[in-house]
Protein chains: 2
Amino acid sequence: MSNKMFDLSKEIGSFVKMLPMSDQRVINDIRSFNRFYTAQLGLLQQHIFDSEYSLTEVRVLYEINFNRQTTATGIRDALQIDAGYLSRILRKLEKGGLILKHPLPEDGRSSYLSLSDRGRRLMTKMGTLSDDQLRVMMAHLTPAAQETVAGAMNDLRRLLSAPDGAATMDQITIRTELLPGDLGDIISLHGKLYMQEYRYDTRFERYVMETIQDFMVHYHPARDRVWLAVCSGRLVGVVAIQHRPAKQAQLRWFLISPDFRGIGLGKALMQQAMDFCREQKFKKVYLLTTDQQDTAAALYKRWGFIKKSSVPATLWGHELLEERYEREMQ
Amino acid sequence: MSNKMFDLSKEIGSFVKMLPMSDQRVINDIRSFNRFYTAQLGLLQQHIFDSEYSLTEVRVLYEINFNRQTTATGIRDALQIDAGYLSRILRKLEKGGLILKHPLPEDGRSSYLSLSDRGRRLMTKMGTLSDDQLRVMMAHLTPAAQETVAGAMNDLRRLLSAPDGAATMDQITIRTELLPGDLGDIISLHGKLYMQEYRYDTRFERYVMETIQDFMVHYHPARDRVWLAVCSGRLVGVVAIQHRPAKQAQLRWFLISPDFRGIGLGKALMQQAMDFCREQKFKKVYLLTTDQQDTAAALYKRWGFIKKSSVPATLWGHELLEERYEREMQ
DNA sequence: CCGATTAAGTTGCTTATGTCAAATAAAATG
DNA sequence: CATTTTATTTGACATAAGCAACTTAATCGG
């Protein structure tokens, strides 16, 4: 495949010096994975493509099927193959009656490409064939292990595809049903993140555990609610509303995993929480935080929360200001 | 590549009917991952191999480097390439001074293959080259995200390489230091597994949380201990010893993730726990369980625990027998 | 509008990659 | 010792892929 457009090797010289060399372990893991998965893909592909079409030809077919209304250039960019080679592949596929060319009215040089009925049939046939192979491959794994496989693959695709490894909202589901494991995951997420970001130790995690206890003891299915943001089986964001005496409510455990920030997840969670508070006709919503969580504070303010108090305290081994924010619900 | 030895397609007919068709989601995830990773590997490989040696030639070199003292047949089996093609590759590599052939004294047809100094140098050069590429690839990811990538890859390799997806002990590390996130993970693991295996609901998870609270309240660094079995960043097994009045101790949270059972992990954990109890000179160790955890019970018995009581109770919404096992420490 | 330039796709030519079948030669078998 | 099997090699061939020159259509700058 031609390779003019994306020459990493030129960037290496300038980039690599900025990178930590300490991560050799990660690099080794990736290398052995790549070697392993090269073989794995080889095994799979042999069987799909004992048809009269080659791997590359099938990849072209996939591309045409996937992107409706693409041109030769689109495919060339997507699959990074030589234009001349592609031209011949397209001619072969057209001769074989798998694809159709629709000349562009606005550009006499290009044609839209689409699958013919026959092409579509071939794709589905190959699809089911390869699905069957994958089923054989997965047959000896427990359902839980299969979930792990799918989750790991989704993680990799997400992290390696976006240039900055950012997730998008459509990879995340938000649910309110509290399933076994969720309580522990909320505690764990807090423990890990606050350690990463504020150097809090296990004492903080214990504190979170106590608040969860408290929440569950007073739990009222209608008046309390937790929103859990989950991406490929992992908890990546939380928020909860806990009812309090006198038509008040407390917002708790608002937290988003760093790799999922800046994509509107915080907004989505907060939106649902606030909507819930309105529905429940809480008069006032409050939350407790510290002066160290400044980015969170900014977000609270944006959502109409106002700092009502700020008292010095020693919490979890840190000297800080314990702050209380409130918001009146019209 | 030739493909006579491993023809999955023949197995498909007989196997596939036994498999659940419901897992189409998993299959789809795998398919899109494969498409994605094919491209990814393509990108990487282009750059490594703009040397005068092809992908396959380099794979052969890897194989020779990796398996010291292999023959042509060994490589042929490992990489599944045509014998004739391989013969030519080997000749080219030998001419290029990268490999050496050492005729076998006991078999005049074959030779052991090994890398020459020059070959070794090339391998390390390509190794560092490809490492640099991987560094560039990972540069824009946060360290946490990089960990996720490595973890996901290790999971995949482990699950897809062993025929039954079984882990081996060397992929697991057991530690006793209690880090932030661990408490939550222990709770979560219990919640998820007991739901999967005994249909316990969140009430059980809350109970576990309370026991963890209790443990932490009375925590004594010398006399209490937790063993955490971790595989690619995920908690897969636990056991703990909690000191009790009168030189007694309680064994708690003994649990192993299903995919990690039957590989000696339970034994390893129990061994460490019992060694600890002996060191601490506890007179008696006890544990509480129910009649439903029968496989665990068998293991307890094997480790010298004896059932001392069995009383009917309603716990976490289930009618069961609450059982107490004890073991005298000589 | 026109010549120059750029972009999309095609074609001829070449090399690299891989396969198949037959040949060779050493080892194992009976 | 004849026969079969195994490991490797060789020859002939086919496919896959890349490069460069070319055609045709669009665009751009005056």
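Residues numbered from 1 in each chain as written. Chains lettered and ligands numbered in written order. Predicted model: local features only at pLDDT ≥ 70, side-chain atom pairs only at ≥ 80, totals over all residues. Heavy atoms only, no water.

Asks: Help me understand the overall build of chain A in this model?
Replies: Scanning chain A from N- to C-terminus turns up eleven helices and nine strands. The C-alpha radius of gyration of chain A comes to 27 Å, more than 25% above the 20 Å expected for a compact globule of 330 residues. With the principal axes as the frame, chain A shows a C-alpha extent of 75 × 45 × 45 Å. When burial is assessed residue by residue, chain A has 51% of its 330 residues classed as buried. For chain A, contacts bridging at least 24 residues in sequence account for 61% of all contacts bridging at least 6. Counting every atom, chain A has about 15,900 Å² of accessible surface; 53% of that belongs to carbon and sulfur. Averaging the locations of the 45 positively and 39 negatively charged side chains of chain A gives two centres separated by 3 Å. (Helix = DSSP H or I, 4+ residues; strand = E, 2+ residues; numbered from the N terminus. Rg over C-alpha atoms; globule rule 2.2 N^0.38 Å. Buried < 20%, exposed > 50% of the residue type's maximum accessible area, 1.4 Å probe, protein only. Contact = heavy atoms within 4.5 Å. Areas by Shrake-Rupley, 256 points an atom, 1.4 Å probe, with all protein chains shown as cover. Lys, Arg positive; Asp, Glu negative; His and termini not counted. Charge placed at Lys NZ, Arg CZ, Asp CG, Glu CD.)

Asks: Help me understand the pattern of salt bridges, please; the structure alone is not making it clear to me.
Replies: Two side chains of opposite charge can pair, provided their charged atoms sit close to one another. All names here are of chain A. In the structure shown here, the tally under the stated rule is 32 salt bridges over all chains. Of the charged contacts, one joins E326 and K284 as a salt bridge, the two residues approaching to 3.3 Å between their closest N and O atoms. You can see E326 sitting in strand β9 (residues 318–328) and its partner K284 sitting in strand β7 (residues 284–290), a full 42 residues away along the chain. Comparing E326 with K284 shows no difference in burial state: the two are buried. For E323, the salt bridge goes to K307, with nearest N and O atoms at 3.3 Å. Of this pair, E323 sits in strand β9 while K307 is found in strand β8 (residues 306–315), placing the two residues 16 residues apart along the sequence. Here K307 falls in the partly exposed class, since its relative accessible area comes to 41%. In this structure, a network of salt bridges that share partners links the residues D155, R158 and R234. (Salt bridge = Lys/Arg side-chain N within 4 Å of Asp/Glu carboxyl O.)

Asks: Looking at this structure, how should I read the domain arrangement of chain A?
Replies: Often, the extent of an interface is quoted as the loss of accessible area upon association of its parts. For chain A, the assigned domains are domain 1 (8–140) and domain 2 (171–328). Centre-to-centre separation of domain 1 of chain A and domain 2 of chain A, based on C-alpha positions: 44 Å. (Domains from an automatic or database assignment.)

Asks: I'm lost on the packing of aromatic side chains in this one. Help?
Replies: To describe a pair of aromatic rings, you give the distance between the ring centres and the angle between the ring planes. In total, this model carries 41 aromatic pairs over all chains according to the counting rule given. Every member of this aromatic cluster is reached through a ring pair, and the members are F33(A), F36(A), Y37(A), F33(B), F36(B) and Y37(B). Positioned over the ring face of Y286(A) is R324(A), at 4.1 Å from the centre of the ring. (Phe/Tyr/Trp six-rings, centres within 6.5 Å; stacked < 30°, edge-to-face > 60°. Lys NZ or Arg CZ within 6 Å of the ring centre and 35° of its normal.)

Asks: How should the nonpolar core be read in this particular structure?
Replies: Looking at soluble globular proteins, one finds that nonpolar side chains tend to be buried together. Counting residues in each nonpolar core, the largest one holds 54 residues, and the members touching the most others are I212(A) and I212(B). When residues no more than four places from it in sequence are discounted, the contact partners of I212(A) are L183(A), I186(A), I187(A), W253(A) and M209(B). With 40 residues, the next largest nonpolar core counts F36(A), F36(B), L41(B) and V149(B) among its residues. (Core = buried A, V, L, I, M, F, W, Y, C linked by side-chain atoms within 4.5 Å.)

Asks: Would you take a moment to explain the relation of the copies chain A and chain B for this structure?
Replies: One copy of the chain maps onto the other through a rotation about an axis plus a displacement along that axis. For the match of chain A to chain B, the screw axis carries a shift of 0.1 Å, the RMSD comes to 0.4 Å, and the turn is 180 degrees. Such a combination of rotation and displacement between the chain copies is what one expects of a two-fold axis. Looking at chain A, 98% of its interface residues are interface residues in chain B too, so the copies touch through the same face. (Least-squares fit on C-alpha atoms with pLDDT ≥ 70 in both.)

Asks: Help me understand the packing of helix α4 (residues 72–79) of chain B against helix α5 (residues 83–95) of chain B in this model?
Replies: Axis angle and axis distance: for two packed helices, these are the angle between their axes and the distance between the axes, and together they describe the pair. Residue and element names in this part refer to chain B. Where α4 meets α5, the axes come as close as 10 Å, and the angle between the chain directions of the two elements is 120 degrees. Overall, the two elements α4 and α5 adopt an arrangement that is oblique. Of the two elements, α4 crosses α5, and the hand of that crossing is right-handed. Between α4, through A72, I75 and R76, and α5, the contact on the second element is made entirely by A83, L86 and L90. Taken together, the residues of the contact of α4 with α5 sort by class into five nonpolar, no polar and one charged. (Axes fitted to C-alpha atoms, helices over the stretch in contact; angles between N-to-C directions. Parallel < 35°, antiparallel > 145°, perpendicular 65-115°, else oblique. Left-handed = near helix turned anticlockwise from the far one by under 90°. Nonpolar A, V, L, I, M, F, W, Y, C, P; charged D, E, K, R; others polar.)

Asks: For this particular structure, what's the right way to read the sheet that holds strand β6 (residues 248–256) of chain A?
Replies: Hydrogen bonds between backbone groups are what pair the strands of a sheet, and the pairing can be parallel or antiparallel. All names here are of chain A. On the basis of which strands lie adjacent, the open sheet formed by seven strands has the order β3-β4-β5-β6-β7-β9-β8 and mixed pairing. In this open sheet, the two edge strands, each paired with only one partner strand, are β3 (172–175) and β8. On average, each strand axis in the sheet is tilted by 20 degrees relative to the strand beside it, whichever way the strands run. Examined bridge by bridge, β3 and strand β4 (residues 225–231) share four bridges and lie antiparallel to one another. Looking across to β4, one finds that I174 is bridged to A229. (Pairing = 2+ DSSP bridges.)

Asks: Explain the interface of chain A and chain B here, please?
Replies: Between chain A and chain B, the residue contacts involve 102 residues of the former and 100 residues of the latter. Buried surface at the junction of chain A and chain B, both sides included, amounts to about 9,200 Å², of which 66% is carbon and sulfur. The interface formed by chain A and chain B contains two salt bridges. Among the ionic pairs, D185(B) bridges to K192(A), the shortest N-O distance being 2.9 Å. Remark: the boundary between chain A and chain B carries 22 residue pairs in polar contact (both at pLDDT 80 or more). Every element with two or more residues in the side of chain A that touches chain B is listed here: α1 (8–15), α2 (24–48), α3 (55–66), α6 (117–138), α7 (143–161), α8 (182–198) and α9 (202–217) of chain A. (Buried area = accessible area lost by both parts, 1.4 Å probe. Polar contact = N/O pair within 3.5 Å; in protein donor to acceptor, adjacent residues only side chain to side chain.)

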